[in-house]
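A structural walkthrough
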Amino acid sequence: MQALRQEILPPSGVEFAACLKFTPSTLSDSGPSTSQGGRTLFNVVVARSNLLRIFEVREEQAPISTQKEDERDRRATVRKGTEAVEGEVEMDASGEGFVNMGTVKSTGRNGVAQPATVNKFYLVREHRLHGIVTGMEAVRTVHSQEDKLDRLLVSFKDAKIALLEWSDAIHDILTVSIHTYERAPQLMALDSPLFRADLRVDPLSRCAALSLPKDALAILPFYQSQAELDLMEQELSQARDVPYSPSFILDLANDVDKRIRNVIDFTFLPGFNNPTIAVLCQFQQTWTGRLKEYKDTVGLYIFTLDLVTNNYPVITAVDGLPYDCFSLTPCSTATGGVVILAGNSIVFVDQSSRRVILPMNGWLQRTSDIPLPSLTPQEQLRDLQLEGARFTFVDDKTFFVILKDGAVHPVELILDGKTVSRLSMADALARTTVPAVIKRVERGYIFIGSIVGTSVLLKTLHVEEEIKEEDVEMASAPAAVDAPADSMDLDDDEDLYGPSNGAENPDANGMTNGVSDSVKKRTVVRLSFCDAIPAYGPICDMAFGIARNGDRVVPELIAATGSGELGGFHLFQRDMPTRSKRKLHAIGGGRGMWSLPVRQPVKVSGGTFERPAKPYHAENDSVIISTDANPTPGLSRIATRSSHSDITITTRIPGTTLGAAPFFQGTAILHILFNVSNVIRVLEPDGTERQSIKDLDGSTPNPRPKIKSCSIADPFVLIIREDDTIGLFIGEIERGKIRRKDMSPMGDKSSRYLAGCFYTDTSGLFQTFVNEQAPAENVTSTLQGAMNAGTNSQWLILVRPQGVVEFWTLPKLTLAFSTTLLATLDPVLTDSQDAPALSLPQDPPRKPQDLDIDQITIAPIGESRPHPHVIVLLRSGQLAIYEAVVTAPPAEPLPSTRSSTLLVKFVKVMSKAFDIQRTEEEQKSVLAEQKRISRLLLPFVTSPAPGHTFSGVFFTGDRPCWILSTDKGGVRVLPSGHKVVHAFTTSSLWESRGDFLLYSEEGPSLVEWMPDIQLDGHLPARSVPRSRPYSNVVFDASTSLIVAASSFQNRFASYDEDGNIVWEPDSPNISFPRSECATLELISQDGWITMDGYEFAANEFVNCVVSVPLETVSTESGMKDFIAVGTTINRGEDLAVKGAVYIFEIVEVVPDPSTNIKRWWRLKLLCRDDAKGPVSFLCGMNGYLVSSMGQKIYVRAFDLDERLVGVAFLDVGVYVTSLRAVKNLLVIGDAVKSVWFVAFQEDPYKLVILGKDPRLCCITRADLFFADGHLSIVTCDEEGIVRIYAYDPRDPEAKGGQRLLRRTEFHGQVEYRTSQLIARRPKHGDPEIPQARLVCGSVDGSLSTLTYVDEETSKRLHLLQGQLIRTVQHVAALNPKAFRMVRNEYVSRPLSKGILDGNLLGTFEELPIARQNEVTRQIGTDRATVLKDWAALVGAW
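Residues numbered from 1 in each chain as written. Predicted model: local features only at pLDDT ≥ 70, side-chain atom pairs only at ≥ 80, totals over all residues. Heavy atoms only, no water.

Our focus in this paragraph is unusual backbone geometry. With an omega of 10°, the peptide bond running from D714 to P715 counts as cis. Topologically, P715 is positioned in the loop between β50 (707-713) and β51 (716-721). The phi angle at V676 is positive, at roughly 70°, despite the residue not being glycine. Mapping V676 onto the fold places it in the loop between β47 (668-675) and β48 (677-683). Residue classification places V676 among the exposed positions, given a relative accessible area of 67%. Look at L825: it is not a glycine, yet its phi comes out positive at around 55°. Along the polypeptide, L825 turns up in the loop between β59 (815-819) and β60 (828-829). (Helix = DSSP H or I, 4+ residues; strand = E, 2+ residues; numbered from the N terminus. Buried < 20%, exposed > 50% of the residue type's maximum accessible area, 1.4 Å probe, protein only.)

What follows deals with the pairing of strand β67 (residues 948-955). Of all the eight residues making up β67, six are buried; the element is thus mostly covered by neighbouring parts of the structure. Hairpin connection, strand β66 (residues 937-945) to β67: the antiparallel pair is bridged by two residues, and G947 has positive phi, about 85°. Bridge count between β67 and strand β68 (residues 961-966): three bridges; the pairing is antiparallel. Within β68, the residue paired with V953 across the bridge is I963. Connecting the antiparallel pair β67 and β68 is a turn made up of five residues, with G957 showing a positive phi of about 120°. (Pairing = 2+ DSSP bridges.)

Before going further, it helps to spend a moment on a nonpolar patch on the surface. Taken together, the side chains of V1214, Y1215, V1232 and L1256 define a hydrophobic patch exposed on the protein surface, amounting to about 350 Å² of accessible area. Within the fold, Y1215 resides in the loop between β85 (1203-1211) and β86 (1216-1222). (Patch = residues over 30% accessible without salt bridge, like charges linked within 9 Å, V, L, I, M, F, W, Y side chains within 5 Å. Areas by Shrake-Rupley, 256 points an atom, 1.4 Å probe, with all protein chains shown as cover. Salt bridge = Lys/Arg side-chain N within 4 Å of Asp/Glu carboxyl O.)

Turning to the packing of aromatic side chains, a few remarks are in order. One pass over the full model with this rule turns up 44 aromatic pairs. For the pair F766 and W795, a centre-to-centre distance of 5.6 Å together with 70° between the ring planes defines the contact as edge-to-face. Of this pair, F766 sits in the loop between β54 (755-761) and β55 (768-770) while W795 sits in strand β57 (residues 793-799); the two residues are 29 residues apart in sequence, bridging distant segments of the chain. Among the residues examined, F766 registers a relative accessible area of 0% and is labelled buried. With centroids separated by 5.5 Å and ring planes inclined at 90°, the aromatic side chains of F817 and F906 adopt a geometry described as edge-to-face. A residue pair is termed long-range when its members are at least 10 positions apart, and F817 in strand β59 and F906 in strand β65 (residues 904-913) qualify at 89 residues. With a relative accessible area of 1%, F906 lands in the buried category. Among the aromatic residues, ring-to-ring pairing joins F940, F950, F954, W962, F984, F996 and W1009 into one connected group. Just above the ring of Y122 sits the side chain of R865; from NZ or CZ to the centre is 4.9 Å. The ring of W1236 has K1252 lying over it, and the distance from NZ or CZ to the ring centre is 4.3 Å. (Phe/Tyr/Trp six-rings, centres within 6.5 Å; stacked < 30°, edge-to-face > 60°. Lys NZ or Arg CZ within 6 Å of the ring centre and 35° of its normal.)

In any sheet, the strands associate via hydrogen bonds between backbone groups, in a parallel or an antiparallel arrangement. Pairing within the open sheet is antiparallel, and its four strands lie in the order β74-β75-β76-β77. Edge strands, defined here as strands with exactly one partner in the open sheet, are β74 (1030-1036) and β77 (1089-1095). Direction aside, the axes of adjacent strands within the sheet are offset by 25° on average. (Axes fitted to C-alpha atoms, helices over the stretch in contact; angles between N-to-C directions.)

Within the secondary structure, Q1298 sits in the loop between β92 (1281-1286) and β93 (1301-1307). For Q1298, a relative accessible area of 57% translates into the label exposed. With near-sequence residues (within four places) excluded, Q1298 lies in contact with L1250, G1251 and K1252. (Contact = heavy atoms within 4.5 Å.)

This part covers the side chain of T141. Note on placement: T141 falls in the loop between β8 (133-139) and α2 (144-147). Residues within four places of T141 in sequence aside, it is in contact with R151, L163, F222, Y223 and P243.

Let us now look at a positive patch on the surface. Where like charges cluster on the molecular surface, the positive patch consists of R1366, K1377, R1389 and K1393. Topologically, K1377 is positioned in helix α10 (residues 1376-1380). (Lys, Arg positive; Asp, Glu negative; His and termini not counted. Charge placed at Lys NZ, Arg CZ, Asp CG, Glu CD.)

Another aspect to go through is the sheet that holds strand β19 (residues 314-321). Spatial ordering of the open sheet is given by β16-β17-β18-β19, a layout of four strands whose pairing is antiparallel. Of all strands in the sheet, those bounded by a partner on one side alone are β16 (263-269) and β19. Each strand axis lies, on average, 15° off the axis of its neighbour in the sheet, ignoring direction. Here β16 pairs with strand β17 (residues 276-282) via six bridges, running antiparallel. Paired with L269 across the strands is T276, a residue of β17.

With that out of the way, let us pick up the side chain of R1380. Mapped onto the elements, R1380 comes out in helix α10. If sequence neighbours within four positions are ignored, R1380 has contacts with R5, E1305, F1306, H1307, G1308, Q1309, D1397 and N1399.

What the rule picks out here adds up to 67 salt bridges. With its nearest N and O atoms 2.8 Å apart, the salt bridge here joins R1159 to E1148. Of this pair, R1159 sits in the loop between β80 (1138-1149) and β81 (1160-1171) while E1148 sits in strand β80; the two residues are eleven residues apart in sequence, bridging distant segments of the chain. Classification of R1159 as partly exposed rests on a relative accessible area of 47%. A relative accessible area of 42% places E1148 in the partly exposed class.

With that out of the way, let us pick up the pairing of strand β96 (residues 1343-1349). Most of β96 is tucked away, with seven of its seven residues classed as buried. Neither face of β96 is open: one carries L1343, T1345, T1347 and V1349, the other S1344, L1346 and Y1348, and all of them are buried. Sheet topology note: the strand β1 (residues 2-9)/β96 ladder contains seven bridges and is antiparallel. Across the sheet, residue A3 finds its bridge partner in β96, namely Y1348. Where strand β95 (residues 1331-1338) meets β96, five bridges bridge the pair, whose relative direction is antiparallel. Within β96, the position partnered with R1333 by the bridge is T1347. Between the end of β95 and the start of β96, which pair antiparallel, lie four residues, with G1341 showing a positive phi angle near 90°.

In terms of nonpolar packing, the biggest core is built from 30 residues, with F766 and F906 touching the most fellow members. Those elements that provide at least two residues to this core are β54, β57, β58 (805-809), β59, β61 (853-861), β62 (867-874), β63 (878-886) and β65. In this structure, L386, A389, V401 and V420 belong to the second largest nonpolar core, which totals 23 residues. (Core = buried A, V, L, I, M, F, W, Y, C linked by side-chain atoms within 4.5 Å.)

Here we come to the packing of helix α12 (residues 1409-1417) against helix α13 (residues 1423-1433). Running from N to C, α12 and α13 cross one another at 95°; their axes reach a closest spacing of 9 Å. For the element pair α12 / α13, the angle class is roughly perpendicular. From α12, I1409, Q1412, N1413 and T1416 reach across to α13, where they touch R1423, V1426 and L1427. When grouped by side-chain class, the residues that make up the contact of α12 with α13 number three nonpolar, three polar and one charged. (Parallel < 35°, antiparallel > 145°, perpendicular 65-115°, else oblique. Nonpolar A, V, L, I, M, F, W, Y, C, P; charged D, E, K, R; others polar.)

So this is what it looks like as structure tokens:
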């Protein structure tokens, strides 16, 4: 069987991060932002598994009105007397406590108040790489001296390092070089796949180091100056343009010191003339059970890299550090040394080998012989665990330790002279996300990345406050060094921490600004929250449920995500979730709807005046114009809203409306109508006609051809007729009427055009550079004339038949941009600086072609900063979206034929192919007109919630979708969920700015988005935070309720046979060990309330929860769904674990009248069956329950609804990890013995082994996969390798069917432990028997599908995949084929042909059309066939 594996959702969270100046936008060194656009401070590049994202952090003005509203809302929700005062910690609703910054005024250096600013993330680029990222660092090369930008160094799992830089030409990342060490002898070992490489960079970017197995480092030196580069050229007698010298591998044990074994962590130290590395290692390995023999086994070795003489002297060696050290960070050059994090302590080591230790709990003195310092009474009570903690310095002497629960503890280095005498830790400042990586950025910013939840950007602020007399005990911190008073700057203070969240720092001799003052001051470091990158973390389990979007019932994927306090549910839907608010059958609208805001003019003393519009508030819509094709020649209606919120139709007009828009600044309606002939009308707000212009041929009274499309932008009107001619009209606001506009600058008036539109630029992005040599009217030679700022400028975009796209300025009609590259969908569009093209009529008339541009529009797309985008649709169904990017003025003068050029280029950000069926063009009958589907790109602006505004484009037709962009998610194309949408418009007629009018297959209706939808991901999602993680989730179809097992840590104690506790803590800073325990919850989706639950024992946790149909006497059918739970009972390390099987029934009970809930349900325990081993997995099969217990599989019947009776059993492998049944076939996955295929017979009861895999493999999930009469077994192992097995007794290799045949191996790179089998019904498949589609949720948060591909399509796509591997330049120069290949010692060639890589094939859609034709021609097919194959396979479910 052939299958396609594609990622629906990429990995979630941040595992690696780099903060740097990567894009040119960060080089604007202007002061604090005063413009609305703000300024870019720095870039944050984040990675998780194979996903790389580039963000920019922008400083913007805070929206004042929103700030005041939030403050008011916050104060309303805070109980009186508990408000946070300045400097206190305030806990917000999600449990993250940050210092209340609302009262801290932002003041400049001279005490002048600055406008309040906010820092926000904006996504710049996103890439799915063909490799797993294991490290990321910023580096400066020789070329950084020219452009002042940093480079990005990325390491990958298979021992590769890629050097990336930003290219302004393609507005994307560019690969400078790739360095691979996968053939190094250190990687030839069998256990090398278990090794994770770490990447570190020298602070001065002199070299980078990548850790390799067998205690080795790969060193990549960089040139630091042009002189070094020139010297190298002379030595090698050849020109070298690369910024690095040859790399080499450093064997630490042989080349540096034989004691450096089992490297734990390493880092580069600052302040040395040569690159200097500190290595944390463990020469003699030990663990908790061997501490009597070996303790304090960790050593620290600091050595220097002399890259010229290849000499590596050790300058510091420290032995006898605690055995549980795990992390290492260098201190600043002011103090020197390193800080080491251990499980129970923090250790500071300086260059003279002095050790200063700070215990975190009482375990340190029991596991280590290191002498401990004298502790204060408070420190003797401290009980913290540092496993999973991360830390970073915020200044020279203070660092923050963030524990695995998110608590932020400040730690201070106490100096005695110039040496560190002790460490001091304060209580928790705040609570933030669960950390995976911490990066300190300039200007006091801290980025905390998390793999299990949201990643946050924090800012540290140093605030001076006075010390009261009773705080004298804080003087344990040393006095500051004498310094001149005027050098005491806010940013350069020596920031220390005392015991109470703040550090004492007396000013120099009590002098403040030259005035003597006896009051002591201390500097307090405060944390404020800036912004967050949303994420949901790993998918622990998932189930398909049913959601109600208003009246519509849709499938929804319920995923248990996150960890610890960040645990909860994420609900994913395939389509954009909308709900219908009301049906509006009266207005029709099958050919179009327009909802318009029109102001009524007020008559005073015979004169007419406009009613003044409300400032800062856009007018609500007042008129709806709709049109239908029936009866011929069409019918148009003008409707308004009556006092009862009903629709009242005020005017009916025969004819089909082709366009309508508010005109003359919203005081009139411009109405374009077809009724025998084309009519352009100006209507009064009440619908009466003010002016009417018939579109007649000037020489003859015959009407011109029918208008096929139009565009209206006050005061301009564009019409495009069916013979591809255009008409241009302009409104004269003094007369209140329109007239034809002269089009002679654009060429002959009989010129042909395929499409066109207007664009009104409100972003100020569209600026023109004027050619002073060109003969043009009224051109000034001033700088203002040369750089014409285009704020609120209007533009006309036209497409000529030969594919030329032109941008014309209005109202002068001068050509500012011309390109031929849009028709071929090239990645970057720039101005060709050509003269206006000719497009005269052809004889015979030109026929439409597949690659013609059918629709083009320019619209702002975005959330808080909408950006102009060009959206283009080809007749073949290819949709492309381009983002407008500012470009520099041309270096060479413009040709004389052009008077100006637009200083903008367009970069392709999205390309998508739709399978569109077009009818024959010759059909001009009335019936064909009735069936015609209009595919239009309609811009919209909506505000689904106060303070949230989205600008986007809706694509109507038989593939309706929303084109949206969010700040942190980029551009997304989301299906609308309708079969067809004929008409669309936003409407605020009912006082809501989040309403839309849609004419779908259900008729006209008013719809809105579902509330609380998150659009940052690739699927619309809703988050349900529960502050606890869930290990299992099941949807019960009969009651539409969710049964989930929550998991949390509990104290564990062992007891002897008499019930006496074996051990308990004997000190307040010694804690009980922790053990996992669980509860079962019955959750209603309405409000997500927990209706009932079941608490298991304190040492019992849930392994699996399933909904199984079992035999029962309580129903007519004899079958009913029950909830089966398998558990493990942990009894300590001296006793074997046990388990149990529970059977629950969901029963309805009388609801509590006070809850206002109509129906209430409970969990009823019917049966508990103890087992001698852990019950690791359960499933249902033909009315029986199949359970695993240790090494056995049991098949049981549910007897009399009260007990389980065994009917069959089978001895299998070592530990069962997966059970899946279809009919009477069972697939068993084992942790050691791979996969077994078993059949169950009932007469007599028996389990029969059909076949099994002879190789050893640790299976995490096994599923049956079937389509078109074929059956396969799909498995995943703990390394993420997906395998497809076939059961074929006729094959000689199968030995009569005893062996399962391994057909395909595909490296998925990350394991999945949960999967769902769903039905897929393709267009041309068997309508009765569906195909299987496998949806898999991975531990890195990615969601992937496995879809069956027929043999003919599979061969075509496999050849295409080979072409894409060879001919497309991949990001970071990675090899997609090697990425997916699996090493197998038992076959001569890799088994890589059965599964297609969706991530690789997806790049075909993004290629320009010329490249698509070139690639497909080489494999004997055409691009249309391949795109049709691809469109039929992709999709979520």
